[in-house]
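Coordinate analysis (summary)
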Amino acid sequence: MMSIARNLRRKAETLGLDPEVSLTRITWVGPRRSFAVGSAGAVRGGKSGAPVEVELTGAPEILRAIWSWGLGEANPAGFGWIA
């Protein structure tokens, strides 16, 4: 859960929003799935993840942004998948 919390703060800072956002709890985790990563001609590997439901607390602006853009760890700004 700590990496998700860091990811949420990084996302808020990237968007210029209040970084005081926290993960209260994970309520559901779906089946694990894998994704191919890379261009069509040069697949570099795979990433795995799963759909999740979480409860968050924070300012309304960052909660709306997270709801709209999603959570994730697959890139520097944190807009991608959850590991």
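Values in this document were obtained by computation on a predicted structure and should not be read as measured data.

**Some words on the nonpolar core**
Counting residues in hydrophobic clusters, the biggest one holds 10 residues: Ile 4, Leu 8, Ala 12, Val 21, Leu 23, Ala 59, Ile 62, Ala 65, Ile 66 and Leu 71. Broken down by secondary-structure element, the contributors of at least two residues to this core are α1 (2-14) and α2 (60-69). The residues touching Ala 65, leaving out its near neighbours within four places in the chain, are Leu 15, Leu 17 and Gly 70.

**Some remarks on the pattern of salt bridges**
Counted by the stated rule, this structure contains one salt bridge. Among the salt bridges present, the one from Glu 55 reaches Arg 25, with a minimum N-O distance of 3.0 Å. Placement of the pair is Glu 55 in strand β4 (residues 52-57) and Arg 25 in strand β1 (residues 22-29), with a sequence separation of 30 residues.

Conventions and cut-offs
Residues numbered from 1 in each chain as written. Predicted model: local features only at pLDDT ≥ 70, side-chain atom pairs only at ≥ 80, totals over all residues. Heavy atoms only, no water. Core = buried A, V, L, I, M, F, W, Y, C linked by side-chain atoms within 4.5 Å. Buried < 20%, exposed > 50% of the residue type's maximum accessible area, 1.4 Å probe, protein only. Helix = DSSP H or I, 4+ residues; strand = E, 2+ residues; numbered from the N terminus. Contact = heavy atoms within 4.5 Å. Salt bridge = Lys/Arg side-chain N within 4 Å of Asp/Glu carboxyl O.

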